[in-house]
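Spelled out, the chains give:
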Amino acid sequence: MTKTSPAKTNSGRFFEDYAVGDVLQHAVPRTVSGGERALYHALYPSRHALYSSDEFARRSGLPKSPLDDWAAFHLVFGKTVPDVSLNAVANLGYGEGRWLLPVYPGDTLRAVSEVIGVKQNSNGKTGVVWVRSRGFNQRDDCVLEYVRWVMLRKRDVEASAPVTVIPDLAKVLRADQLVIPAGLDFSNYDFNLAGEPHRWGDYQVGEKIDHVDGVTIEEAEHMLATRLWQNTAKVHFDATARPDGTRLIYGGHVISLARALSFNGLANAQMIVGLNGGAHANPCVSGMTVRAWSEVLDKAETSAPGVGAIRLRLVATSGAAPFALKGEDGKYLPGVLLDLDYWALMPL
Amino acid sequence: MTKTSPAKTNSGRFFEDYAVGDVLQHAVPRTVSGGERALYHALYPSRHALYSSDEFARRSGLPKSPLDDWAAFHLVFGKTVPDVSLNAVANLGYGEGRWLLPVYPGDTLRAVSEVIGVKQNSNGKTGVVWVRSRGFNQRDDCVLEYVRWVMLRKRDVEASAPVTVIPDLAKVLRADQLVIPAGLDFSNYDFNLAGEPHRWGDYQVGEKIDHVDGVTIEEAEHMLATRLWQNTAKVHFDATARPDGTRLIYGGHVISLARALSFNGLANAQMIVGLNGGAHANPCVSGMTVRAWSEVLDKAETSAPGVGAIRLRLVATSGAAPFALKGEDGKYLPGVLLDLDYWALMPL
Amino acid sequence: MTKTSPAKTNSGRFFEDYAVGDVLQHAVPRTVSGGERALYHALYPSRHALYSSDEFARRSGLPKSPLDDWAAFHLVFGKTVPDVSLNAVANLGYGEGRWLLPVYPGDTLRAVSEVIGVKQNSNGKTGVVWVRSRGFNQRDDCVLEYVRWVMLRKRDVEASAPVTVIPDLAKVLRADQLVIPAGLDFSNYDFNLAGEPHRWGDYQVGEKIDHVDGVTIEEAEHMLATRLWQNTAKVHFDATARPDGTRLIYGGHVISLARALSFNGLANAQMIVGLNGGAHANPCVSGMTVRAWSEVLDKAETSAPGVGAIRLRLVATSGAAPFALKGEDGKYLPGVLLDLDYWALMPL
């Protein structure tokens, strides 16, 4: 007699498995090394000097070059996937994201999420779950936190709807909510080594920048990237999982690609400290040539020497003209892949 | 006049080049670092916590997180290829494999093989060679040993047959032959961080587990993986080497992929300590979507605190139903790629 | 009103933007780690023992295993691209290249180029620019220098032609111009571990070696490789940049691939110390199966114990017969991709 064990494998959670206040201890802590840094540079056309050179980082007041902020985000995000989004119909949004401490080679990250909202949809078949996820290092310092909300199917459509709780999230983080890494100092910033002369004062609110370059995505690349962060959602890897045989590219891959492309025009937007919001406007699949443009949304001073904050919209496109975003109906145009709203730090 | 030098290149050995007792000192020692670890995570959906987190490894009594056991195997295997299997018609089997010491970043590995068996086939054109291969670190400690046997062509079909020597190999390693890494202690094992609650006592002999997930393989990925271990057998890299233009995927790539997929249901089968046998049942080529299932073959106690041993069959498939293995003729079904028999260590 | 900022992005320099004596401080310094080393091994079938094993390197008198010489070259080259070759019509040649110091994990490299020649072409639309590029480590020691010349378009065809300056470059570096790494000593060289028995004395000037193996190139691989060195020239990444939808493979990828293939027959040509010249004879695109052959051009003694110098021609091909190079018209045959002339160090 064969005893099979469906119960031993994780088939993911459904909408009714979440209750406000639940705390999810995510599995598989991860120690990072120079290997993750090198791979990040192989996977993305990443050139921000602070993340490329230990010397540049030291001149900026840090002990050495940290892991790219988005790599830290992906590491934490990947851990949340088996508990949060394995059965997600859609990743609806991000908010209140803050990078609290740089992550360095040698650090070990784990992740914890708290359920902060639930709302059953009117169709009775799906619902939205809000979680606040946090990444911690080996000293139990929180290095990163963000909220995301996903649409999940119900396991049992007859299950009763929970009391609706919609968290009150800030549309935009105020500049005084951003955490500047201890010691950061751009007073001796070397603009030649950084690659562009444009400083904080050179950018104006409303200004838009076409980042010019494009990268055509291959299957092997996005799978290597997504696996590196131990994100194992099957739609990214299993060509038989979607009816048309395509693999859906992890949204974070598009973020990292667009961020790296934004070097050309924003080489000095060095450290990312806040994520105000983000939408994966349309799915991305291999073969697309991804381009990016940015818009300056706001600027703010900080208390760190020589350091200003800049709020940027980062838009990734495939086939859409630069600066095109939404149609007359208020919906994203078909060629828009990503619309991200974040705070970065820049030399004054 | 042009002087060309076929003699300077390695065209591989043939059957009659092996005699029982020969010792082959394999070339190209290799120092591993965090880079190899990071690449392993990018190449495979690898999530076993002991190989992901230095903190988890320390809590388990090890100094830090070791290189994945299969990465150590591939490193040693790759070194043997130029001397053992460059002209192999087929890689027939593995046996008596033992991991003797964890491999850590900073270690340098070299490999040595001893010929332990030869048998000319009745067709007079080919023969089988058995070698016992060992990997050594920079302190000349043996970290790994295994036997494999390959079918090789004869250079000269007229060459006389050697005296047949067939080594007497154990079908299965006894649990008391397994080497538990010094200090290993699962008494404080954190099942939350490991990702699953199932402990040694929860698995029953005869139990089968469908690991659910699938990964579609790309050419670039298996070539990166195979090259990383300096395995340069041309069938893996040269699309002109096989009549149909496909590249044959290194069997070890399938092993690592299946092992990583087995996390879903066997997250706590942490360390691999014994390889009883293995067959690459059918060739694997890019485009295949690989899935895996396991069967519990045996269980045993160990002397290490909190540590049990579990013997598992790991089967990789492409297009075959879970738990299907062989047809009525006793032959592997066409969709079966790998049938592996190994011992792992698991928390009690 | 939308304010767009074409001025903030780098659209590259044109011929008239260069004047002899100009010094270009290239951006984006880079710290290397074991990650870059591991990736190099994943990207190329690289097996030279000195670059694979810390122990082998120590036995050869070095403190540990350095980054592959070509990886160091690509790192420096990549930094020069935005300032030198973003608008290049063609990369015409290399010369006077010398590796002056090994690059080790932990080193941070930056690059500086000096314009040493300009010549407007007779068509009035393009010109040739010669630059001498140098890589420096964090101690401001020069680790590498080479000259390359590129053909660039003029921004304004009406711009007046500069005074022609053609640098007087050595066709071939003399052996006494080569810099042997301090401490290098091949007296205790282990030919077994290196993989081949052939020593300096076994090679004769005029001898040719067919390196036998072939590698079929995938898009993902060459893009990973090229990005790793932060070379962001769009022709390598953007399938829409060229009329036929192909991506042009970075010439340095072909160099590294051919060098790695040359292990089979030249396993003991360990360290590369001089680059006499090189031509990318025909473009390389994905799907090509690259092979390589070498010719011994010269030999010289050195002052280091047990170390000889060997001058080699390395030719990469796709579809051309071994040893075929140029047609009767003196032009490279269509299947020739690379013709490189370099000095390496070999045990006596």
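As a reminder, the structure under discussion sits directly above these lines.
Residues numbered from 1 in each chain as written. Chains lettered and ligands numbered in written order. Predicted model: local features only at pLDDT ≥ 70, side-chain atom pairs only at ≥ 80, totals over all residues. Heavy atoms only, no water.

A. Broad picture of the overall build of chain A. A tally of helices and strands in chain A yields 7 helices and 13 strands. In terms of C-alpha radius of gyration, chain A reaches 20 Å, essentially the compact-globule figure of 20 Å for 348 residues. Each principal axis of the C-alpha distribution contributes one length, and for chain A these read about 70 × 50 × 40 Å. The buried share of chain A, taken over its 348 residues, is 64%. (Helix = DSSP H or I, 4+ residues; strand = E, 2+ residues; numbered from the N terminus. Rg over C-alpha atoms; globule rule 2.2 N^0.38 Å. Buried < 20%, exposed > 50% of the residue type's maximum accessible area, 1.4 Å probe, protein only.)

B. How the structure looks around unusual backbone geometry. With a phi angle near 45°, Glu96 of chain B is a residue other than glycine that sits in the positive phi range. A relative accessible area of 15% places Glu96 of chain B in the buried class. Positive phi is not limited to glycine here, since Phe323 of chain C has a value of about 75°. With respect to the helices, strands and loops of the structure, Phe323 of chain C is situated in the loop between strand 12 (307–317) and strand 13 (336–347).

C. Representation of the relation of the copies chain C and chain A within the structure. Overlay of chain C on chain A (RMSD 0.0 Å): rotation 120°, translation along the axis 0.0 Å. What the superposition gives is, in effect, a three-fold axis relating one chain to the other. When C-alpha distances to the rotation axis are compared across chain C, the minimum falls at Gly35 of chain C, with a value of 2.2 Å. The residues that chain C uses at the interface reappear at the interface of chain A in only 11% of cases, marking distinct surfaces. (Least-squares fit on C-alpha atoms with pLDDT ≥ 70 in both. Contact = heavy atoms within 4.5 Å.)

D. Representation of the relation of the copies chain B and chain A. With an RMSD of 0.0 Å, the operation that places chain B on chain A is a rotation of 120° combined with a shift of 0.0 Å along the axis. Both copies present different contact surfaces, since only 8% of the interface residues of chain B are interface residues in chain A too.

E. Up close: the interface of chain B and chain A. Chain B puts 49 residues into the contact, and the matching count from chain A is 37 residues. Taken together, chain B and chain A are joined by 4 salt bridges. Across the pair Glu218 of chain B and Arg247 of chain A runs a salt bridge, and its minimum N-O distance is 2.7 Å. For the pair chain B and chain A, the number of links is 21 residue pairs in polar contact (both at pLDDT 80 or more). Contributions of two or more residues to the side of chain B that touches chain A are made by helix 1 (34–43), helix 2 (54–59), helix 4 (191–194), strand 8 (207–210), strand 9 (215–216), helix 5 (219–228), helix 7 (263–266) and strand 11 (289–301) of chain B. (Salt bridge = Lys/Arg side-chain N within 4 Å of Asp/Glu carboxyl O. Polar contact = N/O pair within 3.5 Å; in protein donor to acceptor, adjacent residues only side chain to side chain.)

F. Spatial organisation of the pairing of strand 12 (residues 307–317) of chain B. All names here are of chain B. The element strand 12 is largely enclosed, with a buried count of 10 among its 11 residues. Between strand 11 and strand 12, which follow one another and run antiparallel, lie 5 residues, and Gly306 among them has a positive phi close to 75°. Two elements, strand 12 and strand 13 (residues 336–347), share 11 bridges in a ladder whose sense is antiparallel. For Leu314, the partnering residue across the bridge sits in strand 13 and is Leu340. (Pairing = 2+ DSSP bridges.)

G. Main features of helix 6 (residues 251–261) of chain A. When you tally the buried positions in helix 6 of chain A, you get 11 out of 11 residues, the bulk of the element. Listed as buried for helix 6 of chain A are Gly251, Gly252, His253, Val254, Ile255, Ser256, Leu257, Ala258, Arg259, Ala260 and Leu261 of chain A.

H. View of the pattern of salt bridges. The final tally for this structure, using the stated rule, is 57 salt bridges over all chains. Among the charged side chains, a salt-bridge network with shared partners connects Arg98, Arg134 and Glu145 of chain A.

I. Structural detail: the nonpolar core. In this structure, Trp70 and Phe73 of chain A, Trp70 and Phe73 of chain B together with Trp70 and Phe73 of chain C are the most contacted members of the largest nonpolar core, which totals 186 residues. If we skip the residues at most four places from it in the chain, Phe73 of chain C touches Tyr94, Trp99, Leu144, Tyr146, Tyr250 and Leu275 of chain C. (Core = buried A, V, L, I, M, F, W, Y, C linked by side-chain atoms within 4.5 Å.)

J. Expanded view of the interface of chain C and chain A. Facing the 37 residues of chain C at the interface are 49 residues of chain A. Approximately 3300 Å² of surface area, both sides summed, lies buried where chain C meets chain A, with 57% of it carried by carbon and sulfur atoms. Along the contact surface separating chain C from chain A lie 4 salt bridges. For the side of chain C that touches chain A, the elements supplying multiple residues, two or more each, are strand 1 (3–4), strand 3 (30–31), helix 1 (34–43), strand 5 (108–120) and helix 5 (219–228) of chain C. Sort the elements by how many residues they give to the side of chain C that touches chain A and helix 5 of chain C lands first, with 6 residues. Residues belonging to the side of chain C that touches chain A are distributed by class as follows: 12 nonpolar, 15 polar and 10 charged. (Buried area = accessible area lost by both parts, 1.4 Å probe. Nonpolar A, V, L, I, M, F, W, Y, C, P; charged D, E, K, R; others polar.)

K. Fine view of the pairing of strand 5 (residues 108–120) of chain B. Residues and elements named next belong to chain B. Along strand 5, 10 of the 13 residues are buried, which leaves the element largely enclosed by surrounding structure. As defined by bridge partners, strand 2 (residues 23–25) adjoins strand 5 across 3 bridges and the pair is classed as antiparallel. Paired with Gln25 across the strands is Val112, a residue of strand 5. As paired strands, strand 3 (residues 30–31) and strand 5 are joined by 2 bridges and run antiparallel to one another. Bridge pairing in strand 5 places Arg30 opposite Leu109. Between strand 5 and strand 6 (residues 126–136), which follow one another and run antiparallel, lie 5 residues, and Gly124 among them has a positive phi close to 75°.

L. Fine view of the packing of aromatic side chains. Under the definition given, this model contains 39 aromatic pairs over all chains. With a centroid separation of 4.8 Å and an interplanar angle of 50°, the aromatic rings of Tyr40 of chain A and Tyr44 of chain A are classed as tilted. Taken individually, Tyr40 of chain A and Tyr44 of chain A each receive the classification buried, so the pair is uniform in this respect. Pairing Trp70 of chain B with Phe73 of chain B gives two aromatic rings, centres 5.0 Å apart and planes at 75°, and the pair type is edge-to-face. In this pair, Trp70 of chain B and Phe73 of chain B both sit in helix 3 (residues 69–84), 3 residues apart, roughly one turn of the helix. The pair formed by Trp70 of chain B and Phe73 of chain B is uniform in burial state, with each residue classed as buried. Each member of the aromatic cluster is reached from another via a ring pair, and the members are Trp70, Phe73, Phe77, Tyr94, Trp99, Tyr146 and Tyr250 of chain A. The ring centre of Tyr203 of chain B lies 4.4 Å from the NZ or CZ of Lys8 of chain A, which sits over that ring. (Phe/Tyr/Trp six-rings, centres within 6.5 Å; stacked < 30°, edge-to-face > 60°. Lys NZ or Arg CZ within 6 Å of the ring centre and 35° of its normal.)

M. Inspection of the packing of helix 5 of chain B against helix 5 of chain C at higher detail. Between helix 5 of chain B and helix 5 of chain C, the least distance of the axes is 8 Å, while the angle of their chain directions is 60°. In this view, helix 5 of chain B runs oblique relative to helix 5 of chain C, as classed from their interaxial angle. For the pair helix 5 of chain B and helix 5 of chain C, the contacting residues are Ala220, Met223, Leu224 and Arg227 of chain B in the first and Ala220, Glu221 and Leu224 of chain C in the second. Within the contact of helix 5 of chain B with helix 5 of chain C, the residues separate by chemical class into 5 nonpolar, no polar and 2 charged. (Axes fitted to C-alpha atoms, helices over the stretch in contact; angles between N-to-C directions. Parallel < 35°, antiparallel > 145°, perpendicular 65-115°, else oblique.)

N. View of the environment of Asn10 of chain A. Its location among the elements puts Asn10 of chain A in the loop between strand 1 (3–4) and strand 2 (23–25). Separated by 222 residues in the primary sequence, Asn10 of chain A and Thr232 of chain A place their C-alpha atoms 12 Å from one another. Excluding its chain neighbours within four sequence positions, the residues that come into contact with Asn10 of chain A are Pro82 and Leu86 of chain A together with Asn264 of chain B. A polar atom in the side chain of Asn10 of chain A sits 3.4 Å from the backbone oxygen of Pro82 of chain A.

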